[in-house]
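Analysis of the macromolecular model
Chain by chain, the residues:
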Amino acid sequence: MRHEYLPPPQRRSRLTRRGRLALFLGTLLAIGVAALIPLLRGAGAPEKPRTLVIPEGWRASQVYAAVDRELKLPAGSAKAAAATAALALPAEAKGNPEGYLFPATYPVTSKSTPAVLLASMVRTANRTLATPAVANGGRTHGMTPYQTATLASVLQAEAGSRADMGKVARVVHNRLAKSMPLQMDSTINYALNRSTLDTTLSETRIDSPFNSYERQGLPPTPIDSPGLEAMAAAVAPTPGDWLFFVTVKPGDTRFSATYEEHKKHVAEFNRLRATAGARASAGPPAT
């Protein structure tokens, strides 16, 4: 019979009550640490910002309202913040950020405030006005950056398309050179806090610094937030001798060098408007 070596039997260790408690607590601690690590990682992860879009041509009042909505603040919060935010505006603006709330897409997080957002818009406007093409072009025409922003805001409101901005800019420059009032309906709309294509004769006689029918030169402030294309057109107008323009119908803006030619285009505009109005009054065709 062959004898094989067998290890001596091992005694089964038994935990004391204190030992079992220590093991239980250690297990809980390990589980807790394992669960806490993902939470700590999540807490340190950067917040994904949402976006606030400011379209070209918005007035300051519209920008304020959009900021209040995005930040879920009472109406008037952004406007109040603008007065105390120490925005980097030129002295000519006299604290009014109209025209300097640059149209763009801005990130918004839980830490965003009206002052932070407005300051970012103003910085963007200043950077755009300081680009060599805009800044040098403005100096060529003897305009300060604030005057460039003011003229660009008129182009933004008046031009039916980006392609027309350069021509509208030429009309403005030609009128300024001849000391003619600009006679822009957009400035009347701004004075009356509205947006419309219809301006009456009595409205062109209102007492307002923004009445470009009665007063010569640019309006005293911008009338909206112009984009880069409008700023570029303001300092690099399309060559031409035009002094008048009218949008006869969408996509069809007529430019004229003489008042006689302009009157013909206005007559066509009025005829088309009258025809459209008559069709609207007649209602849909009977079936």
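For the structure given in this document, a descriptive report is provided here. (Residues numbered from 1 in each chain as written. Predicted model: local features only at pLDDT ≥ 70, side-chain atom pairs only at ≥ 80, totals over all residues. Heavy atoms only, no water.)

Overview of the packing of aromatic side chains
For clarity, the cut-off: Put simply, two rings from Phe, Tyr or Trp (the six-membered ring, in Trp's case) pair if the centres are within 6.5 Å, and we call them stacked under 30 degrees between planes, edge-to-face over 60, tilted for the rest. Every helix listed is a DSSP run of H or I at least four residues long, and every strand listed is a run of E at least two residues long, numbered separately from the N terminus. Burial classes: relative accessible area under 20% of the type maximum marks a residue as buried, over 50% as exposed, and values in between as partly exposed (1.4 Å probe, protein chains only).
Applying the stated criterion across every chain, the model contains five aromatic pairs. Between the aromatic rings of W242 and F255, the centroid separation amounts to 5.7 Å while the plane-to-plane angle is 50 degrees, which identifies the pairing as tilted. With a gap of 13 residues between them, W242 in the loop between α9 (228-235) and β3 (244-249) and F255 in strand β4 (residues 252-256) connect regions that are remote in the sequence. Across the pair, exposure class does not vary: W242 and F255 are buried alike. Grouped by ring-pair contacts, the aromatic residues W242, F245 and F255 constitute a single cluster.

Description of the packing of helix α6 (residues 145-158) against α9
Packed helix pairs are characterised by how far apart their axes lie and by the angle those axes make with each other. Heads up, the rule is: Each axis is a line fitted through C-alpha atoms, taken for helices only over the stretch in contact, and angles between the N-to-C directions span 0 to 180 degrees. With respect to orientation, any angle under 35 degrees is reported as roughly parallel, any angle over 145 as roughly antiparallel, any angle of 65 to 115 as roughly perpendicular, and every other angle as oblique. A clockwise turn of the near helix away from the far one marks a right-handed crossing, whereas an anticlockwise turn of less than a right angle marks a left-handed crossing. We call two residues in contact when some of their heavy atoms are within 4.5 Å. Think of it as three bins: nonpolar holds Ala, Val, Leu, Ile, Met, Phe, Trp, Tyr, Cys and Pro, charged holds Asp, Glu, Lys and Arg, and polar takes everything else, Gly as well.
One way to put it is that α6 packs onto α9 with a least axis distance of 8 Å and a crossing angle of 115 degrees. By the angle between their directions, the pair α6 and α9 is classed as roughly perpendicular. As for how α6 packs across α9, the hand of that crossing is right-handed. For the pair α6 and α9, the contacting residues are T148, L151, A152, L155 and Q156 in the first and A230, M231, A233, A234 and V235 in the second. Grouping the constituent residues of the contact of α6 with α9 by class yields eight nonpolar, two polar and no charged.

Quick look at the layout of surface pockets
What counts, and what does not: Every definition here rests on a 1 Å grid over the protein atoms only: cavities are sets of points where a 1.4 Å probe fits but cannot get out, pockets are open sets enclosed by protein on both sides within 12 Å along at least five of seven lines, and lining residues have some atom within 4 Å of a point. Grid points are joined across faces, edges and corners, and a volume is the space filled by probe spheres set on the points.
When its volume is computed, the largest pocket comes out at roughly 1400 Å³. In this structure, the largest pocket is lined by 44 residues; those nearest its centre are E158, D185, L197, V246 and T247. Listing elements by their share of the lining of the largest pocket, those giving two or more residues are α6, α7 (162-177), α8 (185-191), β3 and α10 (259-282). With nine residues, the top contributor of residues to the lining of the largest pocket is α10. Here the lining of the largest pocket is composed, by residue class, of 20 nonpolar, 15 polar and nine charged.

Quick notes on the environment of H262
Relative to the elements of secondary structure, H262 occurs in helix α10. In contact with H262, not counting residues within four places along its chain, are F244, F245, V246 and S256.

Considering the pairing of strand β2 (residues 105-108)
Our working definition: Paired strands, in this sense, are two strands between which DSSP finds at least two bridges.
The side-chain alternation of β2 yields one buried face, formed by Y106 and V108, and one unburied face, formed by T105 and P107. Of the pairings in the sheet, the one linking strand β1 (residues 50-53) to β2 comprises four bridges and is antiparallel in character. Directly across from T51, in β2, lies its bridge partner P107.

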